Amino acid sequence: MRQLLCTLALACAVTASFAQTAPSAVARPEAASAIAQPEGASALRAKPGWATRTFAVAAANPLATEAGYTMLRAGGSAVDAAVAVQTVLSLVEPQSSGIGGGAFLLHFDGKAIQAFDGRETAPATATPALFLKPDGQPMAMRQATVGGRSVGAPGVVPMLALAHRQHGKLPWAQLFAPAIALARDGFAVSPRMATLLAAETDLKTDPVAARYFFDASGQPWPAGHILRNPELAAVLQRIASEGPSALTEGTVAQAIAAKVQGHASNPGGLTANDLSAYQPIERTPLCMAYRVAQAPPRNYRLCGMPPPSSGMLAVGQILGTLAHTPASTLALEAEKPGAPWLHLYTEAARLAFADRAQFVADPQFVSAPEGGWASLLDDAYLAQRATLISPNGPRMPRALPGQAGAVRSSYAPMAAQTEHGTSHISVVDAWGNALAMTTTIEDAWGARLMVNRGVGLEGGFLLNNQLTDFSFAPTGADGKLVANRVEPGKRPRSSMSPTLVFDADSGQLLATLGSPGGAFIIHFTAKTLYALLHWGLNAQTAIDLPNFGVMDEVLVLEKGRFDAATASALRARGHTVVQVPLPSGLQAIARTPTGWFGGADPRREGVVLGD
Ligand code: GLU
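A brief report on the enclosed structure follows. For every chain, the first residue of its written sequence is number 1, and the numbers climb from 1 along that sequence. Local features in this predicted model are restricted to residues of pLDDT 70 or higher, and side-chain atom pairs are both shown and tallied only at a pLDDT of 80 or more, whereas totals for entire chains, interfaces and linings draw on every residue. In computing side-chain properties, one takes all heavy atoms of the structure into account and sets aside hydrogens as well as water.

Within the secondary structure, Glu 66 sits in helix α1 (residues 62-73). Measuring from C-alpha to C-alpha, the distance between Glu 66 and Pro 178 comes to 8.9 Å, with 112 residues separating the pair along the chain. Helix numbers and strand numbers start at the N terminus; a helix is a DSSP run of H or I with at least 4 residues, a strand a run of E with at least 2.

Printed below as a string of structure tokens:
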């Protein structure tokens, strides 16, 4: 139990407590469609955690982490590192994120916290019926995803350019050098990319992707195959020299629009005008006070993205509601959360997800509850929500949305929907800046559309299917509108939860973290935060803890990580329990007395580097 003694404030010895048998095949759970995970599982690999003194970068692929490290060593800032990481991820982890997608970035410069929104937007011609079939029923997720229909105007490059203008130290063009060299000279296909490629059926339907990701006989490239992407090298070179307009205007934008509109069976409405109109948005971050009463008590400040992400609201509501239950008296049992704690967590999460379904959407299109979004994190409101939880069970029959202010919401709640390919980057630099950035093309391989300008170079980049994060049904059963319905120019609700943790008393940054995982991002992030703040785990052992979550009223435990007694104790409290792989991709860096300690998820290929 050595790691239990290790707190954010104490030096944490390197521990590798993750000793699961590695499932080698991709497993896509079929238990319930809402529980299907964004990306399949690949092999588990125990990670040691990494101690650094001055700076650190954590990303989901070693080549991407190395690119960020190169920038930090060259005197670059956290944002410089993030640009280098993202451009390499576009190449080496194309299933998860890339220049054809969107992202949220939370930044701290030692004084101010900023929230950069690079979320995709719906085309000007989009209508609330975008994902309805002719009979008025919502489309199946796959029918909606594959093709041009689901593609929103990508925002990650414009957003990074905005953040770089404010916080960059190295020249923009320099940040692209690692990705351009790897795209031109080739990189070894990683085991995870090979595993996900082997399991993928729709990518081949796109001729550009079929030529790039598969050999002449249609077989996916195996791990270790050296893949070159000269088209992406050329596009990145142009963005490096001209800025984001090289992507959002001119020949690249025209190629994106033509790809989306030209899809044979499922065209979309995105135009070159939608791309050139795209604006990243700087938003006010959403922060909450969070007190851990155990001795010695500590006052934290948790900060995350406001809507259109539901991430911080839900993570904050879960932790804030748990604070009004006996949860904090419950230690880990055999180094895992036990059934009594999981029951409380599940109930708190069900309440948070009920509010999420009711209220959260693009703030340019819907109003926050009376008193603003922060009213949903208000301690008195959460204390009242917590009274709905029976500490020892049974489970509450239905979790309904609450009413944070005097005004009742006029929206219908959004039904649970699968959300699916994402990656998380955490960086602390030598200048006192830190960031948490979660970046996505939505489903694994996005819309399965690979953009190529047609100038004779192989490869290209994948387009997102982010519009499927909107509610497919624009109205509820009672005819009321759903807040997160499709509307022109609107940004779909997200679950991405890039999070920064501060000491509320000193203002010092204590940790940066986040994860992919669709709606389960909220649970993965809440778990890691709870483990860091309450159970004294370090960034690695917190990430390693078994995953769990609740989705569509079903309690989901990470397969093979909980014993039968835990599952039956939860069933005895009335929960429906399923056990499926839950492939998070957590990355976290936490302060220690001697510097930083970073962790990367054993369920994916990430590493941490720093000095
Ligand atoms: N598109 C999802 C969101 O923005 C993320 C999907 C994933 O993590 O795979 O919430």
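Inspection of the secondary structure assignment puts Thr 52 in strand β1 (residues 50-52). A polar contact of 3.1 Å, which involves the side chain of Thr 52, links it to the backbone oxygen of Phe 55. Here a residue-residue contact requires only that any non-hydrogen atoms of the pair lie within 4.5 Å. Excluding residues within four positions of it along the chain, Thr 52 makes contact with Thr 594, Gly 595, Trp 596, Gly 610 and Asp 611. Polar contact is the term for a pair of N or O atoms within 3.5 Å; when the atoms are in protein, one must be able to donate a hydrogen and the other to accept it, and sequence-neighboring residues count only if both atoms are side-chain atoms.

Here the focus is the pattern of salt bridges. The working definition used for a salt bridge is a side-chain nitrogen of Lys or Arg within 4 Å of a carboxyl oxygen of Asp or Glu. Under the definition given, this model contains 23 salt bridges. Salt-bridge contacts for Glu 347 lead to Arg 350; the nearest nitrogen and oxygen are separated by 2.8 Å. Taken together, the residues span about one helical turn, with Glu 347 and Arg 350 both in helix α13 (residues 339-359) at a distance of three residues. The exposure classification of Glu 347 matches that of Arg 350, with both residues buried. Note that Arg 561 is salt-bridged to Glu 558, the shortest N-O span being 3.5 Å. Note on exposure labels: buried denotes an accessible area under 20% of the residue type's maximum, exposed denotes more than 50%, and partly exposed covers the range between, all computed with a 1.4 Å probe on protein chains only.

Bringing the environment of Val 366 into the picture now. Assignment of secondary structure puts Val 366 in the loop between α13 and α14 (379-386). The spatial distance from the C-alpha of Val 366 to the C-alpha of Ser 96 is 29 Å, given a sequence separation of 270 residues. Contacts of Val 366, omitting those with residues within four sequence positions, involve Phe 359, Ala 361, Trp 373, Tyr 411 and Ala 483.

In these notes, residues near a molecule or strand are those with any non-hydrogen atom within 4 Å of it. The environment of the ligand is formed by 16 residues, the closest being Thr 422, Glu 442, Gln 466, Ser 495 and Gly 518. Contact distances for the ligand include 2.8 Å between an oxygen atom and a backbone N or O atom of Gly 517. Here the shell around the ligand is composed, by residue class, of four nonpolar, eight polar and four charged. When residues are grouped by polarity, Ala, Val, Leu, Ile, Met, Phe, Trp, Tyr, Cys and Pro land in nonpolar, Asp, Glu, Lys and Arg in charged, and all others, Gly among them, in polar.

Our focus in this paragraph is α1. Counting along an α-helix, one turn takes 3.6 residues, and residues three or four places apart therefore face a common direction. Compared with an ideal rise of 1.5 Å per residue, which puts twelve residues at 16 Å, α1 spans 16 Å between its outermost C-alpha atoms and is within 8% of the ideal. In this structure, the buried residues of α1 make contact with β2 (56-59), α2 (78-92), α5 (177-185), β10 (422-428) and β21 (607-610). Put simply, Asn 61 is the residue that caps the front of α1, since its side-chain oxygen is 2.8 Å from the backbone nitrogen of Leu 63. Phi turns positive one or two residues past the end of α1, at Gly 75, with a value near 90°. Every helix has an expected span of 1.5 Å times one less than the residues it contains.

This next bit is on the nonpolar core. Counting residues in each nonpolar core, the largest one holds 84 residues, and the members touching the most others are Phe 213, Ile 256, Met 437 and Phe 461. Take this core: its biggest share by element is eleven residues, from α2. By convention a nonpolar core is built from buried Ala, Val, Leu, Ile, Met, Phe, Trp, Tyr and Cys residues, the set being connected through side-chain atoms within 4.5 Å. Formed by 77 residues, the second largest nonpolar core is a distinct cluster that contains Trp 341, Ala 361, Phe 520 and Ile 522.

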